[in-house]
Amino acid sequence: MSLAPDLTETLARARGDLRMGVPVVLEGAAGAALVLAAETLTADRLADMRALGPVDLAITGRRAETLKARAYDGDIARVALPEDAHRDWVTALADPKDDLARPMKGPLVTRRGGDATLHRLALTLVKSARLLPAALVVPLADPAGTAATHRLGCIDAVAAAPHLMRLSPLDHVVTARVPLRAAEDARLHIFRPEDGSEEHYAIEIGRPDRAAPVLARLHSACFTGDLLGSLKCDCGPQLNAALAQMGAEGAGILLYLNQEGRGIGLANKMRAYALQDQGFDTVEANHRLGFEDDERDFRLGAQILERLGVGKVRLLTNNPAKIARMEDSGIAVAERVPLRVGETRFNHHYLETKAKKSGHLL
């Protein structure tokens, strides 16, 4: 018998540590490294890391492009921290909020040659913790000793890399009847990922016929639009319109996926909003933060639909990418049902960007 955490549980614990500002140890085939999220860095922890050896700041290729730093590793760049670099310098490289006010961040020296595997994994892990995609990395000669001395979590990088790319299985937790304004005959299904990440929900209206294409929508959580009634996006109106159409037809399934801000989390979404106030569009803001246009994983929706016994849908969406992801995941899309609602003077440019840069059919 063993009570020790398995790899999934170890990674979940590592995400919590990184969010709290606690380092983790990565052990790979070509070496080992101590990793700390730039967002939660303190001056004391930076000093402690420097005592172990030369420190790199790993950033994504998107962020490197903004900083005019050479990304010799393609998708990431390894910025060598200067000897006099302090916490605020690191934060300024990780967070673009003051880029326009203080554009001169360099000259930045990025490493060329050598193995960037652990740096890449560090960024993947930090992003999965919904933090800014920037991580400090310092090589370790004695990873086991460092982990034991400082009581740090230790991760097998070779096993973790493919594990982080896999979709975590979802466990069905509970189903209960929840009468809604849009439809009194409604049930809410709760699904919990085994990796300890956010739960996802399925709202089932009526009793959809599984033998026919089911009216369905994949709706990504939007705290500002769905709950606060924000006029900066069309999410709230889309949510309500989708439920209303399902209620009118008497059947349908709306998947409420907790992938806020196109998968970057609410805090990073607000950072993107602040950048939009500086004149950048949605895509440009995401890139300046170091993210891709869209970080969501629509395989989640396919997995939930399969668990609910649905194999064919009429998909309420303006986004062709959702259709492609459903088809790739084994869910047949018999029809795309347009959902054009919610345009305001505050979100006109946002919707225009979705159409021009993300291919939405508006």
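Here we summarise the structure given alongside this text. (Residues numbered from 1 in each chain as written. Predicted model: local features only at pLDDT ≥ 70, side-chain atom pairs only at ≥ 80, totals over all residues. Heavy atoms only, no water.)

Moving on: the pattern of salt bridges. Scanning the entire structure with this criterion turns up 23 salt bridges. Across the pair D99 and R63 runs a salt bridge whose closest N-O atoms are separated by 2.8 Å. With D99 in the loop between α4 (87–94) and α5 (117–128) and R63 in helix α3 (residues 61–67), the pair connects residues that are 36 residues apart, well separated along the chain. The exposure class assigned to D99 is buried, which follows from its relative accessible area of 5%. With a relative accessible area of 1%, R63 lands in the buried category. In this structure, D88 and R87 form a salt bridge, with 3.5 Å as the shortest nitrogen-oxygen distance. Overlapping salt bridges bring together R63, D99, K105 and R288 as one network. (Salt bridge = Lys/Arg side-chain N within 4 Å of Asp/Glu carboxyl O. Helix = DSSP H or I, 4+ residues; strand = E, 2+ residues; numbered from the N terminus. Buried < 20%, exposed > 50% of the residue type's maximum accessible area, 1.4 Å probe, protein only.)

Quick look at the packing of aromatic side chains now. Under the definition given, this model contains one aromatic pair. Pairing Y201 with Y256 gives two aromatic rings, centres 6.3 Å apart and planes at 15°, and the pair type is stacked. Of this pair, Y201 sits in strand β9 (residues 200–205) while Y256 sits in strand β11 (residues 252–257); the two residues are 55 residues apart in sequence, bridging distant segments of the chain. Here Y201 falls in the partly exposed class, since its relative accessible area comes to 25%. (Phe/Tyr/Trp six-rings, centres within 6.5 Å; stacked < 30°, edge-to-face > 60°.)

Another aspect to go through is the pairing of β9. In regular strands, side chains alternate between the two faces of the sheet. β9 sits mainly inside the fold: five of its six residues count as buried. Here six bridges tie strand β8 (residues 186–193) to β9, and the two strands are oriented antiparallel to one another. Among the inter-strand pairings, I190 is bridged to a residue of β9, identified as Y201. In this structure, β9 lies alongside β11, joined through five bridges in antiparallel fashion. Of the residues in β11, the one forming a bridge with I205 is G252. (Pairing = 2+ DSSP bridges.)

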